[in-house]
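Below are the chains, spelled out letter by letter.
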Amino acid sequence: MRIVVPAGGIGGARFLRGLKAALGTDASTGPDQATDHEITVIGNTGDDITLFGLRICPDLDTVMYTLGGGINEEQGWGRTDETFTVKEELAAYGMKPTWFGLGDRDTATHIVRAQMIAAGFPLSAITEALCDRWKPGVRLLPMTDDQVETHVVVEDEQGRRAIHFQEWWIKHRAALPAAEIIGMGADTAKPAPGVLRAIADADVILLPPSNPVVSVGSILGVPGIREALVDKTVVGVSPIIGGAPVRGMADACLTAIGVETSARAVAEHLGSDLLDGWLVDDADAGTEVDGIEVRSRPLYMNDAETTEALARAALDLALELRGDEVR
Ligand code: GDP
Ligand code: CA
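To start, this report covers the structure provided alongside it. (Residues numbered from 1 in each chain as written. Chains lettered and ligands numbered in written order. Predicted model: local features only at pLDDT ≥ 70, side-chain atom pairs only at ≥ 80, totals over all residues. Heavy atoms only, no water.)

## Regarding helix 12 (residues 304-322)
The terminal C-alpha atoms of helix 12, which comprises 19 residues, lie 27 Å apart, in line with the 27 Å expected from a rise of 1.5 Å per residue. Residues of helix 12 that are buried: Thr307, Leu310, Ala311, Ala313, Ala314, Leu315, Leu317, Ala318 and Leu319. Looking at the packing, one finds that the buried side of helix 12 touches strand 1 (2-7), helix 1 (10-23), strand 9 (204-207), strand 10 (234-237), strand 13 (277-281) and strand 14 (293-297). Sitting at the head of helix 12, Asp303 places a side-chain oxygen 3.2 Å from the backbone nitrogen of Glu305. (Helix = DSSP H or I, 4+ residues; strand = E, 2+ residues; numbered from the N terminus. Expected span 1.5 Å × (residues − 1). Buried < 20%, exposed > 50% of the residue type's maximum accessible area, 1.4 Å probe, protein only. Contact = heavy atoms within 4.5 Å. Polar contact = N/O pair within 3.5 Å; in protein donor to acceptor, adjacent residues only side chain to side chain.)

Rendered as structure tokens:
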């Protein structure tokens, strides 16, 4: 079976780990174990930023480290056993910004990426090279090789201005009210090599509980990707439970684009042309959305078992809605 998963960072990566387990492509069965299943991840690059001369791709790296066994589990991002000597040394030079936590181990990843960028490789090839080490057990493709950066229009005593998403999210903890969220460069971006092919070849598409605005929304904002997805059987998992995000500040993003923070409103925003099925938490049982099959399940990815069960439920619903046997 071929499955395509458009994914952000933490929510996407954890869901993917459950999906690998549900399909038996988990690392515990051996990384080289042949299976009939292929997972292609379309990773969000809208969060990418250049700092200290290094191109940083938080969501691609979160997926790669999580599935490759290198993630800091408590945090959900960054490397395990991380130290921050480089960050302290940069601060001693007065280098800004100081709000971004780039660890020492993580810096090595970024030096590899910087070197390959300087040698002229596109992000898709660089991601593939980094994954040679991490063996995430999925094909990880960036949504685009072109530069797309999410900016947030904010207004405070310094006036109305656009700042990079990372500055708004990390430095301001999304507390500065956002008037607008813009995907800079999105309108002229092209899907990365392999993205449209993977969608066309997919049996089902699963949308993990990633941020619906700055993760899933950014991927859908690359011209051609949403159009390709609407032809497929698509099942999504709500990142919103009982009117609040499970972690992070997705509510601030939804408010900025005028969408209520509820499982129903997010499904309506994604649209019944795109979504065939939608999983909501048991706390939101009874949710109805025109044109979308809604089911309730426990949606908290608390541990390996609950995460695997959630991924299996999404897959089962997709296969049911697809109406034939591909397994
Ligand atoms: P980011 O790029 O690291 O912010 O990660 P994503 O965009 O992939 O995912 C962030 C979203 O995941 C947030 O909106 C959370 O509400 C959601 N999320 C995180 N953990 C869980 C969980 O256990 N269950 C569900 N349903 N959603 C979750
Ligand atoms: Ca992200």
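## Some thoughts on the coordination of the calcium ion (ligand 2)
A four-donor tetrahedral metal ideally has 109.5 degree angles, and a six-donor octahedral metal ideally has angles of 90 or 180 degrees. For the calcium ion (ligand 2), the protein coordination sphere consists of Asp47 (OD), Asp59 (OD) and Asp59 (OD), at 2.0 to 2.6 Å. One end of the pair, Asp47, is in the loop between strand 2 (38-43) and strand 3 (49-51); the other, Asp59, is in helix 2 (residues 58-68), with 12 residues separating them in the sequence. Asp59 shares its class with Asp47; the two are buried. (Donors = N, O, S within 2.8 Å, 3.2 Å for Na, K, Ca; no water.)

## Topic: the nonpolar core
Residues Ile42, Trp168, Ile199, Ile225, Leu270, Leu275 and Trp278 are the most contacted members of the largest nonpolar core, which totals 53 residues. Of the residues forming this core, the biggest block, five residues, is contributed by helix 11 (residues 263-270). With 41 residues, the next largest nonpolar core counts Met1, Leu123, Ile126 and Ala314 among its residues. (Core = buried A, V, L, I, M, F, W, Y, C linked by side-chain atoms within 4.5 Å.)

## Let's talk about the pattern of salt bridges
Following the criterion strictly, the structure yields 15 salt bridges and no others. The salt bridge partner of Arg322 is Asp203, with a shortest N-O separation of 3.7 Å. Here the residue Arg322 occupies a position in helix 12, and Asp203 occupies one in the loop between helix 7 (195-201) and strand 9, the gap between them amounting to 119 residues. Arg264 is the partner of Glu268 in a salt bridge, and the nearest nitrogen-oxygen pair spans 2.9 Å. In this pair, Glu268 and Arg264 are both assigned in helix 11, four residues apart and thus about one turn of the helix distant. Overlapping salt bridges, with partners in common, bring together Glu260, Arg264 and Glu268 in one network. (Salt bridge = Lys/Arg side-chain N within 4 Å of Asp/Glu carboxyl O.)

## Points about the sheet that holds strand 14
Reading across the sheet, the seven strands line up as 5-2-1-9-10-13-14 and stay open at both edges, with parallel pairing between neighbours. The strands lining the two open edges of the sheet, one partner per strand, are strand 5 (139-142) and strand 14. Taking the axes of each pair of neighbouring strands and ignoring which way they run, one obtains an average angle of 20° across the sheet. As judged from the six bridges shared by strand 1 and strand 2, these two strands associate in the parallel manner. Bridge assignment links Arg2 to a residue of strand 2, and that residue is Glu38. (Pairing = 2+ DSSP bridges. Axes fitted to C-alpha atoms, helices over the stretch in contact; angles between N-to-C directions.)

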